[in-house]
Amino acid sequence: MFEKRKLLIKAAYETAKKELGIETDSYSTVFDFLSQKLEEKFESSKDGRTFVRYYKRLVNENRDYDIDDITLDQLSWYVDYDNFKDFSENYTIRRDNGETQIEMRIGNDENSFSERLSKIIINITNAPVFNIPQMAKNGMGIGAIVLILFASFSSGKGGLKIFEEENQCMYWDGDEYKLTSCNDKNPKHQLLPVDTVRLKYFKKITRPDTLTVENGLGNSWYTKYDNAVEFFTMDGINPDNGKSLRDASRHMITKYAGKNAGSLLIEE
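Counting restarts for each chain: residues are numbered from 1 in the order of the written sequence. pLDDT decides what is reported in this predicted model: residues at 70 or higher carry local features, side-chain atom pairs at 80 or more are listed and counted, and totals for whole chains, interfaces and linings draw on all residues regardless. Water and hydrogen atoms were dropped before computing side-chain values, which therefore reflect all heavy atoms in the structure.

### Details of the pairing of strand β9 (residues 228–232)
Next, step 1: A pair of strands is considered paired only if DSSP assigns at least 2 bridges between the two. Only DSSP runs of H or I with at least four residues qualify as helices, and only runs of E with at least two residues qualify as strands; both kinds are numbered from the N terminus onward. Bridge analysis of strand β8 (residues 221–225) against β9 gives 5 bridges, and the strand direction is antiparallel. Note that in β9 the partner of Tyr 225 across the bridge is Ala 228.
Next, step 2: Counting the residues that bridge the hairpin from β8 to β9 gives 2 residues, and of these Asp 226 lies at a positive phi of roughly 55 degrees.

Below, the structure is given as structure tokens:
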């Protein structure tokens, strides 16, 4: 189970990084994005920092770490499997590097997977020979062996890829902040250094008709500008007009949210 959890968090990380369109490893940026995607799908998710902790413990430190069943199923869905059981039985490792190719299904029997690995010797162009039987004999776990192979293929010269953090960027899309590469050339995107708190929690309340004193008091902020009131989920600055937000009082919520949402702002 440990090896499969390790392969799953690695696969989820690589999938999210590819979807995000970045090449340099950045744990916090990638896992914040992954958390956002899972929350959109399932309406609940572990936060990015928790996924970073899973990754560093399982992958970097090669130590077991428990992950609850719901999260395992969510991560499996993200890498295109029905659930963790489906991932465990059918996940196939594929890497192609010129003439070198690996294709191996994990399967249910982890011992069988170990035996299949133990028969492989891989030669990589411009890289050392990896003798899998010797590595296994020296006590290296299955997951560690596979990750070494992955790292070697992903680097240009067969050396291990060094993980490093890189500041990524975000932009305001009118309702919330979206992650993007700092090389994003879209002229409509005003890029900002990524702020993981604002990225996850700062959003415009696009349905103020659902806002009530009970759910909004102490949990919402607003600006009044150009004859309109807009509500947000977090304090800060309205990205659309640069106005500072204010706490939404009982009066403001009653007058401009709920059944009165969309009312013109005449005077408070």
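### With respect to the packing of helix α2 (residues 27–42) against helix α3 (residues 48–60)
Next, step 1: Under this scheme, a helix contributes an axis fitted over its contacting stretch, all axes are lines through C-alpha atoms, and angles between N-to-C directions fall in the 0 to 180 degree range. Across the interface, α2 lies against α3 with an axial gap of 8 Å and an inter-helix angle of 120 degrees. Between α2 and α3, the crossing angle belongs to the class labelled oblique. Along this stretch, α2 crosses α3, giving a crossing that reads as right-handed. Contacts between α2 and α3 involve Tyr 27, Ser 28, Phe 31, Asp 32, Leu 34, Ser 35 and Leu 38 from the first element and Gly 48, Phe 51, Val 52, Tyr 55, Lys 56 and Asn 60 from the second.
Next, step 2: Amino acids are sorted into nonpolar (Ala, Val, Leu, Ile, Met, Phe, Trp, Tyr, Cys and Pro), charged (Asp, Glu, Lys and Arg) and polar (every other residue, Gly among them). Classifying every residue of the contact of α2 with α3 gives 7 nonpolar, 4 polar and 2 charged. Our angle categories are set so that under 35 degrees counts as roughly parallel, over 145 as roughly antiparallel, 65 to 115 as roughly perpendicular, and the remainder as oblique. Left-handed describes a crossing whose near helix is turned anticlockwise from the far helix through less than a right angle; right-handed describes the clockwise counterpart. Two residues qualify as a contact provided that any one of their heavy atoms is within 4.5 Å of a heavy atom in the partner residue.

### Overview of the sheet that holds strand β5 (residues 169–172)
Next, step 1: Reading across the sheet, the 3 strands line up as β6-β5-β7 and stay open at both edges, with antiparallel pairing between neighbours. Whereas interior strands pair on both sides, the edge strands pair on one side only; in this sheet they are β6 (177–180) and β7 (192–193).
Next, step 2: In this sheet, β6 lies alongside β5 in antiparallel orientation, the contact comprising 4 bridges. Looking across to β6, one finds that Tyr 171 is bridged to Lys 178.

### A word on the environment of Tyr 65
Next, step 1: Examined against the element boundaries, Tyr 65 turns out to sit in the loop between α3 and α4 (69–78).
Next, step 2: When the C-alpha atoms of Tyr 65 and Lys 6 are compared, they prove to be 8.9 Å apart, with 59 residues separating the residues in sequence.
Next, step 3: Those residues in contact with Tyr 65 that lie beyond four places of it in its chain are Arg 5, Arg 53, Tyr 54, Arg 57 and Leu 58.

### Thoughts on the pattern of salt bridges
Next, step 1: We count a salt bridge whenever a side-chain nitrogen from Lys or Arg sits within 4 Å of a carboxyl oxygen from Asp or Glu. Under the counting rule described, the total for this entry stands at 16 salt bridges.
Next, step 2: The partner of Glu 61 in a salt bridge is Arg 63, and the shortest N-O contact between them spans 2.7 Å.
Next, step 3: Here Glu 230 and Lys 204 are joined by a salt bridge, their closest N and O atoms 3.2 Å apart. Of this pair, Glu 230 sits in strand β9 while Lys 204 is found in the loop between α9 (196–201) and α10 (213–216), placing the two residues 26 residues apart along the sequence.
Next, step 4: Exposure remark for Glu 230: the relative accessible area of 26% places this residue in the partly exposed category.
Next, step 5: Burial classes follow relative accessibility: with a 1.4 Å probe on protein chains only, a residue under 20% of its type's maximum area counts as buried, one over 50% as exposed, and anything between as partly exposed. For Lys 204, a relative accessible area of 16% translates into the label buried.
Next, step 6: Ionic contacts of the salt-bridge type, sharing partners, join the residues Lys 10, Glu 14 and Lys 17 into one network.

### Quick notes on the state of the cysteines
Next, step 1: Our working definition of a disulfide is a cysteine sulfur pair at a distance within 2.5 Å. Evaluation of the coordinates by the stated rule reveals 1 disulfide.
Next, step 2: Sulfur-sulfur distance for the disulfide between Cys 169 and Cys 182 comes to 2.1 Å. Sign of the S-S torsion, about 95 degrees for the bond between Cys 169 and Cys 182, identifies this disulfide as right-handed. Taken together, the positions of Cys 169 in strand β5 and Cys 182 in the loop between β6 and β7 put the pair 13 residues apart, joining distant regions of the chain.

### Re the sheet that holds β9
Next, step 1: Strand order in the open sheet formed by 3 strands is β9-β8-β10, and the pairing between neighbours is antiparallel. Single-partner strands in this sheet number two, and they are β9 and β10 (246–247).
Next, step 2: In the sheet, β8 pairs with β10 via 2 bridges, with the strands oriented antiparallel. The partner of Trp 221 across the bridge, within β10, is Asp 247.

### Quick notes on the packing of aromatic side chains
Next, step 1: Side-chain rings of Phe, Tyr and Trp, where Trp is taken by its six-membered ring, are said to pair if the distance between their centres is within 6.5 Å; with planes under 30 degrees apart they count as stacked, over 60 as edge-to-face, and otherwise as tilted. Inspection of the entire model under this criterion finds 18 aromatic pairs.
Next, step 2: Here Tyr 13 and Phe 31 contribute two aromatic rings whose centre-to-centre distance is 5.2 Å and whose plane-to-plane angle is 45 degrees, an arrangement assigned as tilted. Linking Tyr 13 in helix α1 (residues 2–20) with Phe 31 in helix α2, this pair joins segments that are 18 residues apart in sequence.
Next, step 3: Under the relative-accessibility criterion, Phe 31 is labelled buried at 0%.
Next, step 4: Among the aromatic side chains, those forming a connected cluster through ring pairs are Tyr 13, Tyr 27, Phe 31, Phe 51, Tyr 54, Tyr 55 and Tyr 65.

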